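# Working through the structure, step by step
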Amino acid sequence: MARMMYREAVLSTIAEEMERDENVVVLGEDVVGGMGTAGGPEAIGGIWSTSAGLFGKFGADRVIDTPISESAIMGAAAGLALTGKRPVAELMFADFIGVSLDQIWNQLAKFRYMFGGKTKCPAVIRMAWGAGYNAAAQHSQAVHHILTGMPGLKVVMPSTPADVKGLLRTAIRDDDPVIFLEHKALYGVKGEVPDDKDFMIPFGHARLTRAGNDVTIVSTGLLLGFCEAVADKLAAEGIGCDVIDLRTTSPLDEEAILDSVEVTGRLVVVDETNPRCSLAGDICAMVAEKAFASLKAPPLSVTPPHTPVPFARELETAYLPSIPKIEAAVRKVLSYR
Amino acid sequence: MQLSRDQLLRAYRQMKVIREFEERLHVDIQTGEIAGFTHLYCGQEAVAVGVCEHLSADDKIVSTHRGHGHCLAKGCDVDGMMAEIWGSRDGLCKGKGGSMHIADVDKGMLGANGIVGAGAPIAVGAGIAAKINGKGHVSIAFSGDGACNQGTTFEAMNMAVVTKAACIFVFENNHYSEHTGFEYAVGTSKDIASRAEAFGMKVWRGDGTDFFSVFETMREVLDYVRVPGNGPAAVEFDTERFFGHFEGDPQRYRGPGELDRIRETRDCLKKFRASVTGAGLLSDGDLDTVDADVLQAIEDAVTKAKAAPRPTAEDVLEDVYISY
Ligand SMILES: Cc1ncc(C[n+]2csc(CCOP(=O)(O)OP(=O)(O)O)c2C)c(N)n1
Ligand SMILES: [Mg+2]
């Protein structure tokens, strides 16, 4: 085991996979930094420091610093993947899917199906997502509900450094296109990470991070930690919560959720996307359809409101799900008669 | 053409307001009291002011993530902008937008923008509206050298030509897009204006660190685009960014002594002072008076921003729609 930050887990996994497979290539804006400047290359190594040093190690053919051209970056990832490479493309902020969605959605995601299963598209699209930095409406969004709804994409949302390691390795070795969502507020979080260079976590397997018989709480990303805090607080009162970290939203581990709800009869889904046509709505509906008889209370979701992400600290705090809001929701499903 | 004493004083004051606004933010951001990402415009003041001094409120501009200078030059209220950046309820956008989204549509300022390359297409729309209205008004798209690599910018240039939009693409080439050099990222040539030319536009070039170069160039550009039927034009100004890409940028891409050198030789305020005092148009005393005045105005804006009411949780739900 090694102790490292979430961002270090991203970087070291990419480096290990580049070492292992020469077809793995990295591309994105400022993934090298300093190209064409007096200061010279490697001025930054990605604005999240998730590609620092790769250029020196693997060279310009495999670590491609791109102009600000997201459509071309996503399209190039698709083209690289169709022609035998394994691109790991960085979209600096998840919000920028707005500029590049055609290449992700109409191209990358659909090739295999449209081509009758005759091709593979092993591209990983990494993107930093999430609020909490007062970066306002165009640099703070959660977009996984949009991407999860697109057939052909796999969507991965690690919440710990160890999960980054295991899930990113799986993503890079996977033959389908994978969206890999890194929560900005987690980049500095430290944790134990297995040293095994083949450590992989399969997609579609949720992780139970707290166990209890009274309520099922489902979450991902930054908010998972908030849910754990609520579970720990309630445990002291004798209330037991199952906390489920989805890890991947596509494929979705329905079984883990349904097994838990069969025991608890109560469900709270906590997610950072807006509430309409959302991940939370999707999971609540799935449970209502498949475990209605087990439910002792209507499923509840805790999400931001149906608004863009606001800028000011007070506004963003009010916008985001919080520990008190999650706790209130859990108490509400518990007190339902 | 010779500017009047009042015009000269006003132009200097506008540039100085931008400079001091940004220098003050640079200091205040270090205290941690100001939230979010902030991109300062210091070094490029002559472009915003040299362009906007020609415009009326009926002319529109569309800005970028580095938008404070464009907003101030287009007449956005200093207090309202400072309050917005401090995230207060009195801010121009009620604390909802912050540094990257300042807008004042009544003043013809159609928004800073967090998405690189998003502005040019919007300016085309405003330029088509100006053409339809037929009153000789124009729209301006400010874009960086990095934004000129975005497909949206290419599409906007071609569509402006096709539609004969009364639109001007102003490219501010400060040689960097974030941490990457212009020479690496722009593959065709050493210049952006020739790209615009290839789309079929008349183009101009100017020194973006010299107010007079920008102002005189823009007079020609505007004389051309304001003529009904002429359609769009583009202009590239070579300029400098005095701070990092964002506040907190380690700037490892700079060469040794680069910042000192550009502050010394490429400072539009220094150049302006030398030029007008050298020609005997204004005295150092005249300019010093403006300096003191501006410093006080910025100080007042900060005091008001700090004291302004904070937004509340209920405000989050406001302004998503007009009616719903
Ligand atoms: C679509 C999009 N891609 C990337 C970014 C991140 N980003 C913000 S500013 C910037 C560089 C812009 O360079 P340039 O257009 O030259 O403007 P300057 O910063 O020099 O004013 C980048 C890459 C963004 N905000 N939007
Ligand atoms: Mg630039």
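Up top is the structure.
### Some thoughts on the packing of aromatic side chains
On inspection of all chains with the given rule, the structure shows 15 aromatic pairs over all chains. Here F111 of chain A and F115 of chain A contribute two aromatic rings whose centre-to-centre distance is 5.2 Å and whose plane-to-plane angle is 20°, an arrangement assigned as stacked. Residue class for F111 of chain A comes out buried when judged on its relative accessible area of 10%. Since its relative accessible area comes to 38%, F115 of chain A is described here as partly exposed. On the numbers, 5.7 Å between centres and 70° between planes, the contact of F211 of chain B with F272 of chain B is edge-to-face. One end of the pair, F211 of chain B, is in helix α9 (residues 211-225); the other, F272 of chain B, is in helix α11 (residues 268-278), and 61 residues separate them in sequence.

### Some thoughts on the site of ligand 1
Taken together, 22 residues form the shell around ligand 1, and within it E70 of chain A together with H65, R66, G114 and G146 of chain B come nearest. Each of chains A and B places residues near ligand 1. In the model, an oxygen atom of ligand 1 is placed 2.7 Å from a nitrogen or oxygen of the H65 of chain B side chain. The backbone of V116 of chain B places a nitrogen or oxygen atom 3.0 Å from a nitrogen atom of ligand 1. Protein chains bury 97% of the 580 Å² of accessible surface belonging to ligand 1 in isolation. Here the residues of the shell around ligand 1 are counted per class, giving eight nonpolar, nine polar and five charged.

### Concerning the pattern of salt bridges
Residue and element names in this part refer to chain A. This model, assessed by the stated rule, comprises 51 salt bridges over all chains. A salt bridge links D175 to K120; the nearest nitrogen and oxygen atoms lie 3.8 Å apart. Here the residue D175 occupies a position in the loop between α7 (161-173) and β7 (178-183), and K120 occupies one in the loop between α5 (111-114) and β5 (124-129), the gap between them amounting to 55 residues. K120 gets classed as partly exposed once you look at its relative accessible area, which sits at 41%. A salt bridge links K290 to E254; the nearest nitrogen and oxygen atoms lie 2.6 Å apart. Taken together, the residues K290 in helix α10 (residues 279-290) and E254 in helix α9 (residues 254-264) connect sequence positions 36 residues apart. What emerges from the salt-bridge pattern is a single network uniting E16, E17, R20, K165, R169, R173 and D198.

Calculation rules
Residues numbered from 1 in each chain as written. Chains lettered and ligands numbered in written order. Predicted model: local features only at pLDDT ≥ 70, side-chain atom pairs only at ≥ 80, totals over all residues. Heavy atoms only, no water. Phe/Tyr/Trp six-rings, centres within 6.5 Å; stacked < 30°, edge-to-face > 60°. Buried < 20%, exposed > 50% of the residue type's maximum accessible area, 1.4 Å probe, protein only. Helix = DSSP H or I, 4+ residues; strand = E, 2+ residues; numbered from the N terminus. Near = heavy atom within 4 Å. Polar contact = N/O pair within 3.5 Å; in protein donor to acceptor, adjacent residues only side chain to side chain. Areas by Shrake-Rupley, 256 points an atom, 1.4 Å probe, with all protein chains shown as cover. Nonpolar A, V, L, I, M, F, W, Y, C, P; charged D, E, K, R; others polar. Salt bridge = Lys/Arg side-chain N within 4 Å of Asp/Glu carboxyl O.

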